Amino acid sequence: MAATTAVSTRHLTRLFQAELHTTPARWVERVRLDRARQLLLDGHSITAAARLSGLGSDETLRRAFARRLGTTPTEYRNRFTTTSGPGAQAGEPPEHLPS
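Residues numbered from 1 in each chain as written. Predicted model: local features only at pLDDT ≥ 70, side-chain atom pairs only at ≥ 80, totals over all residues. Heavy atoms only, no water.

Student: Could you give an account of helix α4 (residues 58-69), naming the residues involved and the relevant values?
Tutor: Between its first and last C-alpha atoms α4 spans 16 Å; for 12 residues at 1.5 Å apiece the expected length is 16 Å, and the two agree. Of the residues making up α4, those classed as buried are Leu61, Ala64, Phe65 and Arg68. Along α4, the residues classed as buried sweep out an arc of 100° about the axis, all on the same side. Considering only its buried residues, α4 is in contact with α2 (24-41), α3 (46-53) and α5 (73-80). (Helix = DSSP H or I, 4+ residues; strand = E, 2+ residues; numbered from the N terminus. Expected span 1.5 Å × (residues − 1). Buried < 20%, exposed > 50% of the residue type's maximum accessible area, 1.4 Å probe, protein only. Arc of directions from axis to C-beta. Contact = heavy atoms within 4.5 Å.)

Student: Explain the nonpolar core residue by residue, including any values.
Tutor: Membership of the largest hydrophobic core comes to 13 residues, with the highest contact counts inside it found for Leu33, Leu40, Ala49, Leu61 and Phe65. If you tally residues by element for this core, the top one is α2, at four residues. (Core = buried A, V, L, I, M, F, W, Y, C linked by side-chain atoms within 4.5 Å.)

Student: Describe a nonpolar patch on the surface, naming the residues involved and giving the relevant values.
Tutor: Together, Met1, Leu20, Trp27 and Val31 line one region of the surface with nonpolar side chains, adding up to about 340 Å² of accessible area. Turning to its location among the elements, Val31 is positioned in helix α2. Overall, Val31 belongs to the partly exposed group, its relative accessible area being 40%. (Patch = residues over 30% accessible without salt bridge, like charges linked within 9 Å, V, L, I, M, F, W, Y side chains within 5 Å. Areas by Shrake-Rupley, 256 points an atom, 1.4 Å probe, with all protein chains shown as cover. Salt bridge = Lys/Arg side-chain N within 4 Å of Asp/Glu carboxyl O.)

Honestly, it's all geometry; don't read function into it.
Written out as structure tokens, the structure is:
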């Protein structure tokens, strides 16, 4: 990211801290986790959600869920989707992930 924005790694970290109150690595993980959450709710498998979100593996996805959300991908999907049939609404997932 630093090279793409033509700044040093250290300066990019300072910018992230000043503007977003996080590090570039935590921000990337949060974005990837948001994508994985949506993929799970859209019906993708855990393996597919991990791969398509950029988290890579089931284990990395599971660890990110535990660290950020305090749950597993399976528990998350079960809580926020429904199997009640047509017309049923999914539960509302949290909008905001903690830093």
